[in-house]
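The residues making up each chain are set out below.
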Amino acid sequence: SMSNPVAGEVPSQGETPTQSEPSTVPPSLSIDFALLQLAKSKFWAEHPVLMNHIKEVMHYWAQNWRHIPQAKGFLNAGRKFYLEVEESILPLSIIFDTLNASDGGNFVIFDIGSGKGFLSLLLSFLIPRIVQDSVNVKKIVLIDRNFTFVENDTRVGNAIKTDHFSLVNSTSTSSTVSNVPLLPIKGNFFDPETLELITKTGEEVGNVILVGIHLCKRLSGRFVEIFNLCPYARACVLAPCCVPNPGGGRFCILPNKDQWIDPKELHSVPSNAYDRLPDKRNDRGSFDWRCSPLQ
C-alpha cells in the first residue's frame, strides 16, 4: 500500500522543451522502426482512418521529439514501442466509439496502471482529430504506483520517469497541434483514495471513462470493482492478459470480494496484438473487454 495519490507537476502552457544535439540511436531502437512496422499492420484493413491518424501522430513525434532528452526513453524503444502502439489500437477504437456515441459533454479519462503512458500519449493527440466537437475531454489522468517526479532518480526498482508527459502539455496551446493535457499521479489502485479521486473528478466534470491495459488478476478485479462503484463512470475498457477465454463460463477475478464476470454479458474483442508473440500469454487468453454500466 502507498500513500495518498500524488499528482505530478503540470508545466505551464506554452513551455517549450529544449532540444539536444542529435544522438546516434540504432535503427532497431528508433521510432523509424516502429513506423515501418506500423505500415505492415493488419489493422489497416479494419481501422484505416484510425491507423492513418496514428501514423500522422507518430510522424509528428519523430520530427519534433526525436532529439529531446525527455522523449529518449519513450521513443527509442524500437520493437517494444511498436508493440505498445499496436496493442493500443483496439482499445483506442473502443474509446473513440464510446465518446462519439455519447450525447456529448465533459469527460475525464483515467489510464490505470499506465506505465510509460503509450496509450494516453496517443489519446492526447488523437482525441481532437477523431472525437466529435460536442465531446470535451478535459484531461487524461494516468495513475501508476511506480511514477517518479525526481530528476535523475536512481533508486533500484521499476521507477517510471514522467518528464516525457511535459512534452504533451507544452504543445497543448500550439497553433498547429491540439492535444489533451496529461496528469500523471503516483498512487496505488487499491488505496481508497484512488476511488475517491475518480469519484470526485466525476462529480466535478460529469463523466469518467476508465481504461486498464495489461491489468492482471487482482488488478483487473479492482478495476471492475471501481467501475461498478463509481456512479460517474460511463464506460470502461479493460485489456487484461491473463483471463479465461470468453467462450467459457463465468470466472472469478476477485475471490475475496466474490467478484465474478460473465463473458457473455460483455462485448469482447480478441486482442490480436498478441498473435505474433511466442509466449504463454496467448495460451492463457488475452482480450479487450468493453463493459456497460450496471443498470
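Residues numbered from 1 in each chain as written. Predicted model: local features only at pLDDT ≥ 70, side-chain atom pairs only at ≥ 80, totals over all residues. Heavy atoms only, no water.

Trainee: Can you tell me about the overall build of the chain, naming the residues and giving the values?
Mentor: Scanning the chain from N- to C-terminus turns up ten helices and twelve strands. Of the contacts formed within the chain by residues at least 6 apart in sequence, a portion of 78% connects residues at least 24 apart. (Helix = DSSP H or I, 4+ residues; strand = E, 2+ residues; numbered from the N terminus. Contact = heavy atoms within 4.5 Å.)

Trainee: Please set out the confidence of the model for the chain residue by residue, giving values where relevant.
Mentor: Looking at the chain as a whole, the pLDDT averages 74, with 66% of positions reaching at least 70. Scored below 50 in pLDDT, residues 1–23 makes 51 contacts in the model with residues more than four places away or belonging to other chains. Counted against residues more than four places away or in other chains, residues 249–295, with its pLDDT under 50, gives 115 contacts. (pLDDT = per-residue confidence, 0-100.)

Trainee: Break down the nonpolar core for me, citing the residues and quoting the values.
Mentor: Among soluble globular proteins, nonpolar side chains are generally buried collectively. Grouped together as the largest cluster of nonpolar side chains are 57 residues, with contacts concentrated most on Ile54, Met58, Trp61, Trp65 and Phe81. When residues in this core are grouped by element, the largest group, eleven residues, is from helix α5 (residues 79–101). Counting 21 residues, the second-largest nonpolar core is a separate cluster that includes Ile198, Phe223, Ile226 and Ala233. (Core = buried A, V, L, I, M, F, W, Y, C linked by side-chain atoms within 4.5 Å. Buried < 20%, exposed > 50% of the residue type's maximum accessible area, 1.4 Å probe, protein only.)

Trainee: Any details on the packing of aromatic side chains? Residues and values, ideally.
Mentor: Throughout the structure, instances matching the rule amount to 13 aromatic pairs. Between tryptophan 61 and tryptophan 65 the ring centres are 5.7 Å apart and the planes differ by 15°, which places this aromatic pair in the stacked class. You can see tryptophan 61 and its partner tryptophan 65 sitting in helix α3 (residues 48–65), four residues apart, about one turn around the helix. Like tryptophan 61, the residue tryptophan 65 is buried in the burial classification. Ring-pair connections join several aromatic residues into one group, and the members of that group are Tyr60, Trp61, Trp65, Phe74, Phe81, Phe118 and Phe125. (Phe/Tyr/Trp six-rings, centres within 6.5 Å; stacked < 30°, edge-to-face > 60°.)

Trainee: Explain the pattern of salt bridges to me, and be specific about the residues and the numbers.
Mentor: Tallying each qualifying case throughout the model produces two salt bridges. A salt bridge links aspartate 32 to arginine 66; the nearest nitrogen and oxygen atoms lie 2.9 Å apart. One end of the pair, aspartate 32, is in helix α1 (residues 31–39); the other, arginine 66, is in the loop between α3 and α4 (72–75), and 34 residues separate them in sequence. Taking relative accessible area as the criterion, aspartate 32 reaches 33% and is therefore assigned partly exposed. (Salt bridge = Lys/Arg side-chain N within 4 Å of Asp/Glu carboxyl O.)

Trainee: Give a description of the pairing of strand β7 (residues 207–213) that names residues and reports values.
Mentor: For β7, the buried fraction is high: seven of the seven residues fall into the buried class. Alternating positions in β7 separate into two faces, Asn207, Ile209, Val211 and Ile213 on one and Val208, Leu210 and Gly212 on the other, with burial throughout.

Trainee: With reference to specific residues and values, describe the pairing of strand β8 (residues 233–239).
Mentor: Where burial is concerned, most of β8 is hidden: six out of the seven residues are buried. Sheet topology places β7 next to β8; six bridges connect them, and they run parallel. Within β8, the residue paired with valine 208 across the bridge is alanine 233. (Pairing = 2+ DSSP bridges.)

Trainee: Go over the packing of α3 against helix α6 (residues 118–130), please, and point to the residues and values.
Mentor: Relative orientation of the contacting elements α3 and α6 amounts to 125°, with a least axis distance of 10 Å. Taken together, the axes of α3 and α6 lie oblique to each other. Pair α3 / α6 crosses with right-handed handedness. Contact with α3, carried on its side by Leu50, His53, Ile54, Glu56, Val57, Tyr60, Trp61 and Trp65, involves Leu121, Leu122, Phe125, Leu126, Arg129 and Ile130 of α6 and no other residues of that element. In terms of residue class, the contact of α3 with α6 is built from eleven nonpolar, one polar and two charged. (Axes fitted to C-alpha atoms, helices over the stretch in contact; angles between N-to-C directions. Parallel < 35°, antiparallel > 145°, perpendicular 65-115°, else oblique. Left-handed = near helix turned anticlockwise from the far one by under 90°. Nonpolar A, V, L, I, M, F, W, Y, C, P; charged D, E, K, R; others polar.)

Trainee: Summarise the packing of helix α8 (residues 192–205) against helix α9 (residues 218–229); cite the residues concerned and give the values.
Mentor: It is at 10 Å that the axes of α8 and α9 come closest, and there the two elements cross at 40°. The orientation of α8 with respect to α9, classified from their angle, is oblique. Pair α8 / α9 crosses with right-handed handedness. Counting all contacts with α8, which are made through Pro192, Leu195 and Ile198, the residues of α9 involved are Arg222, Ile226 and Leu229. Here the residues of the contact of α8 with α9 are counted per class, giving five nonpolar, no polar and one charged.

Trainee: Can you explain the environment of lysine 138? Please cite residues and give values.
Mentor: Relative to the helices and strands, lysine 138 is located in strand β3 (residues 135–144). Taking relative accessible area as the criterion, lysine 138 reaches 43% and is therefore assigned partly exposed. Remark: the alpha-carbon pair of lysine 138 and asparagine 106, spanning 32 residues in sequence, is separated by 6.6 Å. In this structure lysine 138 touches Asn106, Phe107, Val108, Val180, Pro181 and Val205, once residues within four positions along its chain are discounted.

Trainee: Before we move on, could you go through α5 and cite the residues and values that matter?
Mentor: Along its 23 residues, α5 runs 34 Å from first to last C-alpha, staying within 8% of the 33 Å computed at 1.5 Å per residue. Isoleucine 89 marks the point of greatest bend in α5, at about 35°, and the proline proline 91 comes within the next four residues. Of all 23 residues in α5, 17 are buried, a share of seventy percent or more. (Expected span 1.5 Å × (residues − 1). Bend = angle between axes of the 7 residues up to and from the residue.)

Trainee: So what about α3? Which residues, and what values?
Mentor: For α3, which comprises 18 residues, the first-to-last C-alpha distance of 25 Å matches the rise-based estimate of 26 Å (1.5 Å per residue) to within 8%. All of the buried residues in α3 are Leu50, Met51, His53, Ile54, Val57, Met58, Tyr60, Trp61, Ala62 and Trp65. For α3, the secondary structure elements touched by its buried residues are α1, α2 (43–46), α4, α5, α6 and α7 (165–170).

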